[in-house]
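Examining the three-dimensional arrangement
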Amino acid sequence: MREKRGLLLQTVKQMNAGAIFSGVGFLVYLTLSALGWERAADISAVAFGMVSVYVFASVAAGRSQDRETVSYSLLWGTGALALLMGGCGVLTVKLWLGL
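Cut-offs and rules
- Residues numbered from 1 in each chain as written.
- Predicted model: local features only at pLDDT ≥ 70, side-chain atom pairs only at ≥ 80, totals over all residues.
- Heavy atoms only, no water.
- Axes fitted to C-alpha atoms, helices over the stretch in contact; angles between N-to-C directions.
- Helix = DSSP H or I, 4+ residues; strand = E, 2+ residues; numbered from the N terminus.
- Left-handed = near helix turned anticlockwise from the far one by under 90°.
- Contact = heavy atoms within 4.5 Å.
- Core = buried A, V, L, I, M, F, W, Y, C linked by side-chain atoms within 4.5 Å.
- Buried < 20%, exposed > 50% of the residue type's maximum accessible area, 1.4 Å probe, protein only.

1. Thoughts on the packing of helix H1 (residues 12-35) against helix H3 (residues 72-97)
At a minimum axis separation of 10 Å, H1 and H3 run at an interaxial angle of 35 degrees. Judged by the sense of rotation from one axis to the other, the crossing of H1 with H3 is left-handed. When H1 is examined against H3, the residues Met15, Asn16, Ala19, Ser22, Gly23, Gly25, Phe26 and Tyr29 are found in contact with a partner set consisting of Leu74, Thr78, Leu81, Leu84, Met85 and Cys88.

2. Examining the nonpolar core
By size, the foremost hydrophobic cluster in this structure holds nine residues: Phe26, Tyr29, Leu32, Ala41, Ala45, Phe48, Leu81, Met85 and Cys88. Secondary structure elements with two or more residues in this core: H1, helix H2 (38-65) and H3. Setting aside anything within four residues of it in sequence, one finds Cys88 in contact with Tyr29 and Ala45.

Laid out in structure tokens, this is it:
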């Protein structure tokens, strides 16, 4: 997995760190929502949603190139986080725009 893929994460270590960061982002979003800090929760949903989708795209590209190195569980885990945080981010933007 040494081939350059543009702006995407390159190594499995980077992908794992991105997955952890996305998971922490989800916990931050839940914590801010539970505390009633709506604006901060909205901003975190959008920001971490974009990060989660980016990490999932990196893992999916890495998995398609090297199935032995990038695990299937990492792909599914980042996919689930991308759906959760990406969905929250999209719904937040729709709410802001009044759609």
